[in-house]
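# Analysis of the macromolecular model
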Amino acid sequence: MRRMVDKLMKQYGTQILLFHNGEQFSLRGFLQTGGSLSQRSAKRKMSPLGEIPGNQYLYIGPAGSPAQPGDVLLHNGRKYELRQLETVMYQDVAVYHWGLCVE
């Protein structure tokens with residue numbers, strides 16, 4: 001299963017740079033608008049420094065990457081902060097990472 005998912009990412013994924021603990025990693029994965037993922041994206045969020053952007057993006061990347069929440073992804077000249085990350089498992093094997101990002 002993991003080989004099949006890795007093959008799909010290599011063939012159809014896009015180039016993404018991952019910045020993790022001061023290091024840069026190049027990987028292939030998927031990053032797309034995820035506005036319909038949740039009603040949360042329609043609500044305005046405020047912090048002491050102003051409005052927090054509500055646009056969410058779905059990230060799907062290889063399980064072998066060191067990605068963690070708080071890391072930065074660079075795709076097509078735009079930066080995205082990885083806010084949530086889950087590892088998808090199949091028969092006790094990590095298959096891919098699924099996450100939510102904000103620009």
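Residues numbered from 1 in each chain as written. Predicted model: local features only at pLDDT ≥ 70, side-chain atom pairs only at ≥ 80, totals over all residues. Heavy atoms only, no water.

### Comments concerning the side chain of His75
By the element assignment, His75 lies in strand S6 (residues 72–75). Those residues in contact with His75, other than ones at most four positions away along the chain, are Thr14, Gln15, Ile16, Leu31 and Tyr80. (Helix = DSSP H or I, 4+ residues; strand = E, 2+ residues; numbered from the N terminus. Contact = heavy atoms within 4.5 Å.)

### Some remarks on the pairing of strand S8 (residues 93–102)
As judged from the seven bridges shared by strand S5 (residues 56–62) and S8, these two strands associate in the antiparallel manner. By the bridge assignment, Tyr59 is partnered in S8 with Gly99. Linking strand S7 (residues 78–90) to S8, which pair antiparallel, is a turn of two residues; within it Gln91 sits at a positive phi near 50°. (Pairing = 2+ DSSP bridges.)

### Observations regarding the environment of Ala67
Here Ala67 is to be found in the loop between S5 and S6. Between the C-alpha atoms of Ala67 and Phe25, which are 42 residues apart in sequence, the distance is 9.4 Å. In this structure Ala67 touches Leu18, Leu82, Leu85 and His97, once residues within four positions along its chain are discounted.

### Quick look at the nonpolar core
Residues Ile16, Leu18, Leu27, Leu31, Tyr57, Tyr59, Ala67, Leu73, Tyr80, Leu82, Leu85 and Cys101 constitute the largest nonpolar core, which totals 12 residues. Those elements giving two or more residues to this core turn out to be strand S1 (14–20), strand S2 (23–33), S5 and S7. Filtering out sequence-adjacent residues up to four positions away, Leu27 remains in contact with Thr14, Gln15, Ile16, Leu18, Tyr59, Pro62 and Ser65. (Core = buried A, V, L, I, M, F, W, Y, C linked by side-chain atoms within 4.5 Å. Buried < 20%, exposed > 50% of the residue type's maximum accessible area, 1.4 Å probe, protein only.)

### A word on the packing of aromatic side chains
Considering all chains together, one arrives at one aromatic pair under this definition. With a centroid separation of 4.9 Å and an interplanar angle of 65°, the aromatic rings of Tyr57 and Tyr80 are classed as edge-to-face. A residue pair is termed long-range when its members are at least 10 positions apart, and Tyr57 in strand S5 and Tyr80 in strand S7 qualify at 23 residues. The exposure classification of Tyr57 matches that of Tyr80, with both residues buried. (Phe/Tyr/Trp six-rings, centres within 6.5 Å; stacked < 30°, edge-to-face > 60°.)

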